[in-house]
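Next come the chains, spelled out residue by residue.
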Amino acid sequence: MADIHIRAAVPEDSGLIFHFVRELAIYEKALDDVVTDEAGLREALFGDKPLAHGLICSLDDTPVGFAIYFYNFSTWLGKYGIFLEDLYVSPDYRGHGAGKALLQYLARQAVAEGCGRFEWNVLDWNEPSIRFYEACGAVAMSEWVGYRLSGQALQDFANAD
């Protein structure tokens, strides 16, 4: 059985994180949507005002996956929460407990920090991940519909009178 190790990402991990982001985008059939690069991730995660955080997961000494998360806030709970933006384990290393270890690491962090929630999204076609999350006890928030403003629509709305 492989030894699973999780650590906070450091600036020198920016290339590795970018590699995992591209693998994830390929898996999600959305590689063309990746517009950042290694330098962009380095600035966002490790620059002057980082608002997101990264984790690197290794099996033995081999980096096999990552997680990116940030804090949100629930006015109803009056507490912060952790929002998991991305969790990814390379296909060759799935089934060894790395994904579960990353989720548990963040769940424990949420509990230790008094967070009221630990949340994330999953694509509706990603049945393996849905089964995995439900096996961990997560519940789909099917009554909520996500909305997004981005690109030109974001610019247009921001500049509208």
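Please refer to the structure placed before this passage.
Residues numbered from 1 in each chain as written. Predicted model: local features only at pLDDT ≥ 70, side-chain atom pairs only at ≥ 80, totals over all residues. Heavy atoms only, no water.

Engineer: Hey, could you go over the pattern of salt bridges for me, with residue numbers and the actual values?
Structural biologist: Tallying each qualifying case throughout the model produces 1 salt bridge. When the shortest N-O distance is used, the salt bridge between arginine 7 and aspartate 13 registers 2.6 Å. Take arginine 7: its relative accessible area is 30%, and that puts it in the partly exposed class. (Salt bridge = Lys/Arg side-chain N within 4 Å of Asp/Glu carboxyl O. Buried < 20%, exposed > 50% of the residue type's maximum accessible area, 1.4 Å probe, protein only.)

Engineer: Let's hear about the pairing of strand E2 (residues 52–59): which residues, and what values?
Structural biologist: Extensive coverage of E2 is indicated by the burial of 7 of its 8 residues. Examined bridge by bridge, strand E1 (residues 4–8) and E2 share 5 bridges and lie antiparallel to one another. Each bridged residue has a counterpart across the sheet, and for isoleucine 6 the counterpart in E2 is cysteine 57. When E2 meets strand E3 (residues 62–74), the two strands line up antiparallel, connected through 8 bridges. Bridge pairing in E3 places leucine 59 opposite threonine 62. Adjacent in sequence and paired antiparallel, E2 and E3 are bridged by 2 residues, among which aspartate 60 carries a positive phi angle near 55°. (Helix = DSSP H or I, 4+ residues; strand = E, 2+ residues; numbered from the N terminus. Pairing = 2+ DSSP bridges.)

Engineer: Help me get a handle on the layout of surface pockets, residues and values and all.
Structural biologist: In this structure, the second largest pocket spans a volume of roughly 150 Å³. Lining of the second largest pocket is provided by Lys100, Leu103, Gln104, Ala107, Phe118, Trp120, Tyr133, Cys136, Gly137 and Ala138. Elements that contribute at least two residues to the lining of the second largest pocket include exactly helix H3 (98–112) and strand E5 (117–120). No other element matches H3, which puts 4 residues into the lining of the second largest pocket. The residue inventory of the lining of the second largest pocket, partitioned by class, reads 7 nonpolar, 2 polar and 1 charged. (1 Å grid on protein atoms, 1.4 Å probe; cavity = no way out; pocket = protein on both sides within 12 Å on 5 of 7 lines; lining within 4 Å. Points joined across faces, edges and corners; volume = space filled by probe spheres on them. Nonpolar A, V, L, I, M, F, W, Y, C, P; charged D, E, K, R; others polar.)

Engineer: Residue-level account of the sheet that holds strand E4 (residues 79–89), with values.
Structural biologist: Across the sheet, 5 strands lie side by side as E1-E2-E3-E4-E5; this open sheet has mixed pairing. Only two strands of the sheet have a single neighbouring strand rather than two, namely E1 and E5. Between one strand axis and the next, the sheet turns by 30° as a mean value, whatever way the strands run. One ladder, built from 10 bridges, connects E3 with E4; its direction is antiparallel. The partner of phenylalanine 73 across the bridge, within E4, is tyrosine 80. Set on the sheet, helix H1 (residues 14–27) makes contact with E2, E3 and E4; between it and E3 the angle comes to about 85°. Sitting on the sheet, H3 touches E1, E2, E3, E4 and E5, and the angle it makes with E4 is about 165°. (Axes fitted to C-alpha atoms, helices over the stretch in contact; angles between N-to-C directions. Contact = heavy atoms within 4.5 Å.)

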